[in-house]
Amino acid sequence: MTRTPSRSMCTNARGSGRPGFSLIELLVVMFIIVLVISIVIPALAKARTVAKTASTDTLMQNLLTAASTFQVDERRLPGRFAARDMGSDDNGGTRGMSMAENVMLDLAGGIVQVGGSKPATGGVFVHPFAGTS
């Protein structure tokens, strides 16, 4: 024998006969949703941080491998310009570059002369109109 719910269980507090949710039930559901969101958002932020860290670690490992390969092939450390040239007065202000840029320039294959053709294998192409306003 199945039991059917009484009329009082299916009506709202006013007893109008329409089924509905009470204010307490709605507040409990909203509280649960907010609680789940407050747990999920920090977990997503942590996952983003872990992904960025892994990406940076991979990039640094690739740079280390490239520098090691360059040193074995060229029998010198990467860096197009000597340290004394990097610290000269001609390399001051906004015209100069950092030591990291110097290393990256050498790892990329160096500089191709201004106005020359685009390099087929490595090198940084300097457009003839680059730097002019």
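Draft legend 1. Structural context of the overall build of the protein. Looking only at helices and strands, one finds three helices and two strands in the protein. Its helices and strands in sequence order give the protein the pattern α-α-α-β-β, from N to C terminus. Evaluated residue by residue, the protein yields a buried proportion of 8% over its 133 residues. Long-range contacts, defined here as pairs at least 24 residues apart, represent 30% of the contacts in the protein between residues at least 6 apart. Total accessible area on the protein stands at roughly 11,400 Å², and carbon and sulfur atoms take up 63% of it.

Draft legend 2. Highlighting the pattern of salt bridges. Evaluated as defined, the whole model comprises one salt bridge. The residue Asp 106 makes a salt bridge to Arg 76 at a minimum N-O spacing of 2.8 Å. One end of the pair, Asp 106, is in helix α3 (residues 99-108); the other, Arg 76, is in the loop between α1 (23-74) and α2 (83-86), and 30 residues separate them in sequence.

Draft legend 3. Here's a closer look at unusual backbone geometry. Although it is not a glycine, Arg 75 sits at a positive phi angle of roughly 60°. Structurally, Arg 75 is set in the loop between α1 and α2. Residue class for Arg 75 comes out exposed when judged on its relative accessible area of 78%.

Draft legend 4. Representation of the packing of α1 against α3 within the structure. Look at α1 against α3: their axes get within 11 Å of each other, and the N-to-C directions meet at 65°. Relative to α3, the element α1 lies roughly perpendicular. The crossing of α1 and α3 is left-handed. From α1, Leu 63, Ala 66, Ala 67 and Phe 70 reach across to α3, where they touch Met 104, Asp 106 and Leu 107.

Draft legend 5. Broad picture of the confidence of the model for the protein. Within the protein, residue pLDDT values average 76, and 59% of them lie at 70 or more. Within the protein, strand β2 (residues 124-125) has the poorest average pLDDT of any element, 54, and α1 the best, 94. With pLDDT under 50 throughout, residues 127-133 is counted as low confidence; its partners more than four residues away or in other chains account for three contacts.

Draft legend 6. Focus on the side chain of Asp 106. Using a relative accessible area of 3% as the deciding quantity, one classes Asp 106 as buried. The contacts of Asp 106, once residues within four sequence positions are left out, are Phe 70, Arg 76, Leu 77, Pro 78, Gly 79 and Arg 80.

Draft legend 7. View of α1. If you check α1, its first and last C-alpha atoms are 76 Å apart, about what 52 residues at 1.5 Å a residue would give, namely 76 Å. In the stretch just after α1, Arg 75 is the one whose phi turns positive, near 60°.

Draft legend 8. Molecular detail of α3. Within the sequence span of α3, burial applies to Asn 102, Leu 105 and Asp 106. When α3 is viewed along its axis, its buried side chains cluster within an angular range of 95° and face the same direction. Remark: Gly 109 follows α3 within two positions and exhibits a positive phi of approximately 115°.

Draft legend 9. Focus on a nonpolar patch on the surface. The grouping of Leu 23, Ile 24, Leu 27, Val 28, Met 30, Phe 31, Ile 32, Leu 35, Val 36, Ile 39, Val 40 and Leu 44 at the surface amounts to a nonpolar patch, some 1,200 Å² of accessible area in total. Counting through the fold element by element, Val 28 comes out in helix α1. Given the relative accessible area of 45%, Val 28 is considered partly exposed.

Rules used throughout
Residues numbered from 1 in each chain as written. Predicted model: local features only at pLDDT ≥ 70, side-chain atom pairs only at ≥ 80, totals over all residues. Heavy atoms only, no water. Helix = DSSP H or I, 4+ residues; strand = E, 2+ residues; numbered from the N terminus. Buried < 20%, exposed > 50% of the residue type's maximum accessible area, 1.4 Å probe, protein only. Contact = heavy atoms within 4.5 Å. Areas by Shrake-Rupley, 256 points an atom, 1.4 Å probe, with all protein chains shown as cover. Salt bridge = Lys/Arg side-chain N within 4 Å of Asp/Glu carboxyl O. Axes fitted to C-alpha atoms, helices over the stretch in contact; angles between N-to-C directions. Parallel < 35°, antiparallel > 145°, perpendicular 65-115°, else oblique. Left-handed = near helix turned anticlockwise from the far one by under 90°. pLDDT = per-residue confidence, 0-100. Expected span 1.5 Å × (residues − 1). Arc of directions from axis to C-beta. Patch = residues over 30% accessible without salt bridge, like charges linked within 9 Å, V, L, I, M, F, W, Y side chains within 5 Å.

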